[in-house]
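Residue-level structural notes
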Amino acid sequence: MTVNDKLDNKFGGASVPASQLDSSFAPPVDASCRVPLLVLFGGAALWLVVSSLLALAASLTFHMPDKFGDCSWGTYGHLQPAADDALLYGFCIPAGLGVALWIFARLGRTPLRGALVPVVAAHLWHLGVLVGLVGIFVGDSTGFAWLEFPRGGSALLFFAYLLIGLWALMNFSGRPAGAMFPSHWFLVAALFLFPWIYSTANILIVGWPVRGVVQAVIAWWFGNNLIFLWTSLVGLGAAFYFLPKFSGRPLQTYFYALFAFWTLFFFGSLRGVPSGAPVPAWLPTLGNLNSMLLIVPVIVIAIIGWKTVVGAAGPEGKDSSYSMIRFGFVAFVLSALLQVAMSCPQFARLTQFTWFGVAQTQLQLYGFFAITMFGAIHYILPRAVGIEFAFPKLIRVQQGCAMLGLIILVASLAAGGVAQGLKLNDPNVAFADSSKAMLMFLRASTTGLLLLLLASLLFALNIFAMIMAWHWSLVRAVFAAVVAPLPKTEVKA
Amino acid sequence: MSEPAPSTPAGAELVSDRSQSPMWIFVLTLTLLYLGAVYFDRHSGWFDKDVYSPYANAAMLESYQPKSGAAMAAAQGRRVYEQVCGLCHGADGLGKPGQAPALAGSEWVIAAGHNRLAHIPLLGINGQISVAGKGWNLGMAAMGASLSDSDLAAVLTYIRTSWGNQAGEVTADDIKNIRAGLGGHLQPMSSDQLLAMPE
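The model shown is predicted, which means the values in this text are computed figures rather than measured ones.

For the rest of this paragraph, the subject is the overall build of chain B. Secondary structure assignment for chain B yields seven helices and two strands. Of the regular secondary structure in chain B, the N- to C-terminal order runs α-α-α-α-β-β-α-α-α. A compact globule built from 199 residues would reach a C-alpha radius of gyration of about 16 Å, whereas chain B, at 32 Å, exceeds it by more than 25%. C-alpha atoms of chain B, sized along the principal axes, occupy 105 × 40 × 30 Å. The buried share of chain B, reckoned over its 199 residues, is 37%.

Residues and elements named next belong to chain A. For the pair helix H3 (residues 34-63) and helix H5 (residues 116-137), interaxial distance at closest approach is 8 Å and the crossing angle is 15 degrees. What the angle tells us is that H3 and H5 run roughly parallel. In the crossing of H3 with H5, the sense of the turn from one axis to the other is left-handed. On H5, the residues touching Val 35, Pro 36, Val 39, Leu 40, Gly 43, Ala 44, Trp 47, Val 50 and Leu 54 of H3 are Pro 118, Val 119, Ala 122, His 123, His 126, Val 129, Leu 130, Leu 133 and Phe 137.

Quick look at the packing of H3(A) against helix H17 (residues 439-483) of chain A now. Residues and elements named next belong to chain A. H17 packs onto H3 with a crossing angle of 155 degrees between their chain directions and a minimal axis gap of 8 Å. Here H3 is positioned roughly antiparallel relative to H17, judged by the angle of their axes. The hand of the H3/H17 crossing is left-handed. Among the residues forming the contact of H3 with H17, the class breakdown is 26 nonpolar, seven polar and two charged.

Turning next to the nonpolar core. Residue and element names in this part refer to chain A. Counting residues in each nonpolar core, the largest one holds 167 residues, and the members touching the most others are Tyr 89, Phe 91, Trp 230, Phe 242, Tyr 366, Phe 374 and Leu 381. The element contributing the most residues to this core is helix H4 (residues 76-107), with 20 residues. Excluding its chain neighbours within four sequence positions, the residues that come into contact with Trp 230 are Cys 92, Ile 93, Gly 96, Tyr 161, Ala 190, Leu 193, Phe 194, Asn 225 and Phe 369.

Before going further, it helps to spend a moment on unusual backbone geometry. The phi torsion of most residues other than glycine is negative, and most of the peptide bonds are trans. Residue A:Thr253 is bonded to the preceding A:Gln252 through a cis peptide linkage, with omega at -5 degrees. Its location among the elements puts A:Thr253 in the loop between helix H8 (213-247) and helix H9 (254-269). In this model, B:Ser53 is joined to B:Pro54 through a cis peptide bond whose omega is 10 degrees. Among the secondary structure elements, B:Pro54 is positioned in the loop between helix H1 (24-43) and helix H2 (58-63). Here A:Phe353, not a glycine, exhibits a phi torsion of approximately 65 degrees, which is positive. Relative to the helices and strands, A:Phe353 is located in the loop between helix H13 (345-351) and helix H14 (356-385). For B:Trp46, which is not glycine, the phi torsion reads 45 degrees and is therefore positive.

This brings us to the pairing of strand S1 (residues 128-131) of chain B. All names here are of chain B. Of the two faces of S1, only the one carrying Ile 129 and Val 131 is buried; Gln 128 and Ser 130 on the other face are not. Strand direction decides the pairing type here: S1 and strand S2 (residues 134-137), joined by four bridges, are antiparallel. Paired with Gln 128 across the two strands is Asn 137, which belongs to S2. If you look at the hairpin formed by S1 and S2, you'll find two residues sitting between the two strands, and Ala 132 has a positive phi there, around 50 degrees.

So, on to the domain arrangement of chain B. When its domains are assigned, chain B resolves into domain 1 (24-63) and domain 2 (69-195). Distance from the C-alpha centre of domain 1 of chain B to the C-alpha centre of domain 2 of chain B: 45 Å.

Residue and element names in this part refer to chain A. Throughout the structure, instances matching the rule amount to four salt bridges over all chains. A salt bridge links Arg 106 to Asp 30; its shortest N-O distance comes to 2.9 Å. Residue Arg 106 is located in helix H4, and its partner Asp 30 is located in helix H2 (residues 26-32); the two are separated by 76 residues in the primary sequence. The class of Arg 106 is buried, set by a relative accessible area of 1%.

Let's shift gears to a nonpolar patch on the surface. Among the surface-exposed residues, A:Leu127, A:Leu130, A:Val131, A:Val134 and A:Val138 lie close enough to one another that they form a single nonpolar patch of about 410 Å² accessible area. Relative to the elements of secondary structure, A:Leu127 occurs in helix H5.

Taken together, the contact between chain B and chain A spans 36 residues of the former and 42 residues of the latter. Both sides together, the interface formed by chain B and chain A hides about 3,400 Å², and carbon and sulfur atoms give 70% of it. At the boundary of chain B with chain A, the tally comes to zero salt bridges. For the pair chain B and chain A, the interface holds four residue pairs in polar contact (both at pLDDT 80 or more). Looking at the side of chain B that touches chain A residue by residue, the classes come out as 21 nonpolar, 10 polar and five charged.

Turning next to the state of the cysteines. All names here are of chain B. The tally for this structure, following the rule as stated, stands at zero disulfides over all chains. In this structure Cys 88 is a free cysteine whose sulfur lies 9.3 Å from that of Cys 85, the closest cysteine sulfur available. Here Cys 88 falls in the partly exposed class, since its relative accessible area comes to 33%.

Next up on the list: the confidence of the model for chain A. Residue and element names in this part refer to chain A. Mean pLDDT over chain A: 89, with 94% of residues reaching 70 or higher. Per-element mean pLDDT across chain A ranges from 43 in helix H1 (residues 3-11) up to 96 in H5. This stretch, residues 1-21, has a pLDDT under 50; its non-local contacts, to residues over four places away or in other chains, come to 43 contacts.

Each aromatic ring pair is described using two quantities: the centre-to-centre distance and the angle formed by the ring planes. Residue and element names in this part refer to chain A. One pass over the structure, following the stated rule, counts 50 aromatic pairs over all chains. An angle of 70 degrees between the planes, with centres 5.8 Å apart, marks the rings of Phe 266 and Phe 267 as edge-to-face. Given the relative accessible area of 5%, Phe 267 is considered buried. Taken together, the ring pairs connect Trp 185, Phe 186, Phe 240, Tyr 254, Phe 261, Trp 262, Phe 265 and Phe 329 into an aromatic cluster. When the ring centre of Phe 172 is taken as reference, the NZ or CZ atom of Arg 175 above it lies at 4.2 Å. Cation over ring: Arg 326 sits above Tyr 322, and NZ or CZ is 4.1 Å from the ring centre.

All names here are of chain A. Position of Ser 412 among the secondary structure elements: in helix H15 (residues 392-424). Its relative accessible area of 8% is what places Ser 412 among the buried residues. Within the structure, Ser 412 has its side chain in polar contact with the backbone oxygen of Leu 409 (distance 3.1 Å). Once you skip the residues sitting within four places of it in the chain, Ser 412 turns out to touch Phe 441, Ala 444 and Ser 445.

We now examine the environment of A:Ala58. Residues and elements named next belong to chain A. Within the secondary structure, Ala 58 sits in helix H3. For Ala 58, a relative accessible area of 0% translates into the label buried. A C-alpha to C-alpha distance of 32 Å links Ala 58 and Ala 100, two positions 42 residues apart in sequence. Filtering out sequence-adjacent residues up to four positions away, Ala 58 remains in contact with Tyr 76, Leu 79 and Gln 80.

Parameters and conventions
- Residues numbered from 1 in each chain as written.
- Chains lettered and ligands numbered in written order.
- Predicted model: local features only at pLDDT ≥ 70, side-chain atom pairs only at ≥ 80, totals over all residues.
- Heavy atoms only, no water.
- Helix = DSSP H or I, 4+ residues; strand = E, 2+ residues; numbered from the N terminus.
- Rg over C-alpha atoms; globule rule 2.2 N^0.38 Å.
- Buried < 20%, exposed > 50% of the residue type's maximum accessible area, 1.4 Å probe, protein only.
- Axes fitted to C-alpha atoms, helices over the stretch in contact; angles between N-to-C directions.
- Parallel < 35°, antiparallel > 145°, perpendicular 65-115°, else oblique.
- Left-handed = near helix turned anticlockwise from the far one by under 90°.
- Contact = heavy atoms within 4.5 Å.
- Nonpolar A, V, L, I, M, F, W, Y, C, P; charged D, E, K, R; others polar.
- Core = buried A, V, L, I, M, F, W, Y, C linked by side-chain atoms within 4.5 Å.
- Pairing = 2+ DSSP bridges.
- Domains from an automatic or database assignment.
- Salt bridge = Lys/Arg side-chain N within 4 Å of Asp/Glu carboxyl O.
- Patch = residues over 30% accessible without salt bridge, like charges linked within 9 Å, V, L, I, M, F, W, Y side chains within 5 Å.
- Areas by Shrake-Rupley, 256 points an atom, 1.4 Å probe, with all protein chains shown as cover.
- Buried area = accessible area lost by both parts, 1.4 Å probe.
- Polar contact = N/O pair within 3.5 Å; in protein donor to acceptor, adjacent residues only side chain to side chain.
- Disulfide = S-S within 2.5 Å.
- pLDDT = per-residue confidence, 0-100.
- Phe/Tyr/Trp six-rings, centres within 6.5 Å; stacked < 30°, edge-to-face > 60°.
- Lys NZ or Arg CZ within 6 Å of the ring centre and 35° of its normal.

So, in structure tokens, the structure goes:
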């Protein structure tokens with residue numbers, strides 16, 4: 001019995017009707033994704049650790065402003081964007097691409113062909129992130145949030161994404177007729193979304209900048225489409241694949257998923273300009289309107305999750321991947337509800353210019369997306385490589401650290417943001433005092449970041465151990481082939 | 001909850017429930033879309049590039065604009081000042097070191113008459129000049145020569161009545177008369193030439 005059989009039996013394939021229980025296609029499909037996934041996830045794990053370290057250092061600058069102040073690269077303005085970009089471009093996107101590649105191959109029952117191209121592209125992607133981060137630290141940042149990478153890094157990212165996306169789409173189009181599942185819509189939309197928004201924003205802001213206030217409007221549009229819409233599409237695509245798989249119930253229902261997809265895509269892509277933005281009134285009004293209408297897909301998505309998961313038998317025993325993907329799903333609903341709340345002008349007046357927005361972004365990027373990806377990667381990688389994780393018990397610890405750290409981080413920043421906003425809006429409180437009110441909450445958030453760093457290290461430990469075990473298995477296979485006794489037929493000759 | 005329908009195409013790895021679409025979801029969406037349209041109608045200014053929050057539309061913005069009289073003249077003067085003079089003399093009228101003297105509290109600005117003051121933008125000024133006890137040695141081009149009588153009068157009134165200055169207003173007719181009195185004189189004035197004129 002192979003590792004794949006053992007792992008798949010654990011879930012009993014319960015979500016699939018008995019007629020479709022044939023899972024003989026799975027091992028060759030998983031194996032075909034092996035090397036691209038190892039490169040994508042390995043690099044992602046590395047950048048996740050880098051991001052956690054940088055985020056912790058950036059947070060420490062609030063308690064110890066002089067600690068890293070002697071060198072320009074150690075200032076908050078370098079550390080924080082580098083930490084954000086390392087999380088988004090270093091971890092989230094390659095992890096999402098890897099999960100999408102695998103889900104396409106599995107759902108389409110089609111092995112990935114020409115795996116060399118995504119392997120090369122994944123290396124290019126990680127090189128692009130390296131170039132971008134170095135660019136930020138030497139002072140080449142473009143100065144636009146989420147677009148800080150200088151041109152060279154952005155160009156590498158763009159072409160690497162095109163290659164991986166193209167290969168995923170080729171695999172998708174090679175699926176047998178009729179094999180279409182709601183996850184497909186979300187993931188295909190995300191594959192097309194990134195090249196469009198990334199090239200538009202880079203051309204109009206960095207390459208040949210448009211004039212004046214339009215730059216800010218494009219930067220907001222891009223930030224929302226990447227941080228909210230792209231991560232939602234990929235994360236939900238993955239969740240809609242894994243939740244039914246674990247719970248043993250069909251996705252509830254095809255229609256709800258279809259409705260959620262179109263409303264999420266339509267309302268989600270037209271927002272971004274914040275409520276109090278100093279631009280002509282129709283822009284923030286349009287953004288607020290679409291943010292409020294997000295309540296429709298959020299309700300529908302929550303119903304899908306509820307009906308698919310609650311009360312279902314689930315896998316035998318506790319499964320860490322299942323817990324993480326459920327946690328991520330709840331985090332998505334909360335994060336989207338916060339978006340809806342922040343679009344109400346009355347609430348926006350309280351939270352604008354405070355840490356509240358940062359809390360929401362962290363909930364979306366880490367609480368929803370990264371934790372969903374942890375669950376998915378922990379599920380996929382042992383099957384793709386054919387080797388179990390070296391430290392399976394640490395996965396539970398990693399899960400605990402990630403969830404607890406995230407809750408502390410988001411809760412402290414959100415509560416601090418409200419406290420700060422109340423003081424900012426009180427004309428009797430000096431501006432400096434309203435900023436000082438954040439200090440206690442920032443200390444708490446540093447604790448959260450410390451736990452997240454631990455979670456990143458544990459995640460990377462298991463991934464790196466698996467990569468080494470895979471290399472070792474290759475060496476052993478070559479060695480075995482070399483020392484194997486010659487077959488008798490050849491001895492005779 | 002309905003049972004999974006067997007209509008899922010063979011070959012799919014997972015299946016999704018294909019039960020019928022509930023009606024409430026369309027009702028909810030359409031209701032929210034209607035409310036959203038009302039919200040947009042009330043707050044967007046219908047894509048007018050001049051309407052900013054918290055104003056809701058062009059008519060509301062218009063209602064806050066001064067219609068006539070002193071307020072209108074002040075708005076006109078302020079607009080001209082910020083376009084023409086403010087760059088050097090500062091939006092706060094405090095001037096800039098080494099670039100332009102202050103207008104707030106300057107004896108040239110708050111003099112009882114406006115004759116000397118009006119000559120400065122009309123002809124420009126050159127050489128030594130003392131402003132509020134401080135010596136300056138700079139040149140200023142005839143920045144006001146191309147302004148209309150009404151604009152120049154408004155901006156002079158604006159600097160004579162802003163930032164704590166409390167001098168009388170200047171009318172367009174005053175400027176018209178001063179312009180007529182220039183004759184063919186087009187050279188920048190010196191401090192002495194100005195002092196030789198009536199206030």
